[in-house]
Amino acid sequence: TSKKDFGIVSSNGSAAASLDSLAGALAVDLEGNIHYSLILPIKSFLLKYYLFTINCINHHNIIMGKSPLPLHPNGDTMKAVCFKEFGSTSDALSIQTIPKPFVSSPSQVLIKIHACALNPIDKIRLSGGLAAVSPEPFETSVLGYDISGVVEEVGEEAVSSFKVGDEVFARLKGMYYGALAEYVICEVPELAKKPANISFVEAAAVPLAGLTALQALRRGGVKEGSKVFIPGGAGGVGSIAIQIAKKMLGAAHVCTTASQGAGMEICKQAGADQIIDYRSEDFEDVLKGEDFDMGFDTMNQAVKMGSLLMKGGKIISISGTPTIEAIQESNPSPSYIIRIVMFLSRNRAAERAAAKNGGTWEYIFMKPKGSDLSELATYLESGDIKPVIDTEADGLENFKVAVDKLMSGRSKGKCVIKVA
């Protein structure tokens, strides 16, 4: 086994040599059976090596991608909020002039961005937290995943779905180009038409949070009459999840948590039937003896949610350490180091807590799907679902207003930037 098999190559020769040495004695035989007596020493070493690699990335402030952004055939450029080094604050970001993206395949669509939104994953990505799993492809990276805008050009295969002038919104897939820019390229399967009666700012606030909530609630089996627990109801995902559960999926009872004041007001307007003040009450005590069909773990609290489940109930997590199964749904061949780390750090306590009440626990990643966004668009158009917006920055040049609020961890709802 070589360093390449682990998916991480260190510039530190001794660390890499130690990893090679350990790999030769790894606790997996030729039949794939794991020898559990070796698990603890392997766990200790691999986790230390993984953290060492991340610390190296952050310490040296380098992006793993080395390739320059592709030049536009005509030399066209655009403004974008970029980072060339990892960092924990908005100081790592700056407005740069970079090549304007262009349609290079038949299924692509070029979009002039009118608004873009931030999400907690942007904070993680900017700090280098995704680098070992999803290395940055280019030497200059554009932040952000959520956009709304107007179609400016369509590929040959895309013309059957979209036309120039269509108002659209999307959660961008991958990191080819980011959302905090004047233009972006999007694939048809990620894209949906924006309801005409909502603003670009409102539309940009929906994709990642809305798709995450809808897919998690469906994975959890929420349907008409369901009883659902969604902690963190004032957040970007929580606030729209309450609305989707009630208005779109027909849940009979939705319980959430929030702090007194603005947080509780957001949850009330979203349609929550029960709101627990998390600062003065523990939801485990308040909800003891109640049977929930589904718990939506938005805040890494799955272990505490197991006792709330009815028999056959489900906990769906989007927070905390992901499972190898979740990773393999989007990446069928994760690196060896990722497989081992995920196996050893699996949230078995959450699995046991759910199983104790006859339920199950599962971790999922959101999938960018235009078809799901189109479903959400129907409810956005009718007014049954409304995104909660905390901060609106006017123009890319004022990106720090939105980014700093996201970084603070105190936003109620989404942080959005109006681009055009």
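Refer to the structure printed above.
Description of the structure in this document.

Criteria and thresholds
- Residues numbered from 1 in each chain as written.
- Predicted model: local features only at pLDDT ≥ 70, side-chain atom pairs only at ≥ 80, totals over all residues.
- Heavy atoms only, no water.
- Pairing = 2+ DSSP bridges.
- Helix = DSSP H or I, 4+ residues; strand = E, 2+ residues; numbered from the N terminus.
- Phe/Tyr/Trp six-rings, centres within 6.5 Å; stacked < 30°, edge-to-face > 60°.
- Buried < 20%, exposed > 50% of the residue type's maximum accessible area, 1.4 Å probe, protein only.

**Things to note about the sheet that holds strand β1 (residues 77-83)**
Logical step 1: If you trace the 3 strands from one edge of the open sheet to the other, you get β2-β1-β4, paired in antiparallel fashion. Each of the sheet's edge strands pairs with one partner strand only, and the pair in question is β2 (94-99) and β4 (141-142).
Logical step 2: With 2 bridges connecting them, β1 and β4 associate as antiparallel partners. Note that in β4 the partner of Cys82 across the bridge is Val142.

**Considering the environment of Ala132**
Logical step 1: Summarising the element assignment, Ala132 is placed in the loop between α3 (120-126) and β4.
Logical step 2: The spacing of Ala132 and Ile337 is 205 residues in sequence and 9.8 Å in space, taken between C-alpha atoms.

**What about the packing of aromatic side chains?**
Logical step 1: In this structure the tally under the stated criterion is 4 aromatic pairs.
Logical step 2: Centroid distance Phe229 to Phe283: 4.8 Å. Interplanar angle 50°. Geometry classified as tilted. In this pair, Phe229 is assigned in strand β9 (residues 227-230) and Phe283 in helix α8 (residues 283-286), connecting sequence segments 54 residues apart. Phe283 matches Phe229 in its accessibility class, with the two residues each being buried.
Logical step 3: Following the ring pairs from residue to residue traces out a cluster consisting of Phe229, Phe283 and Phe292.

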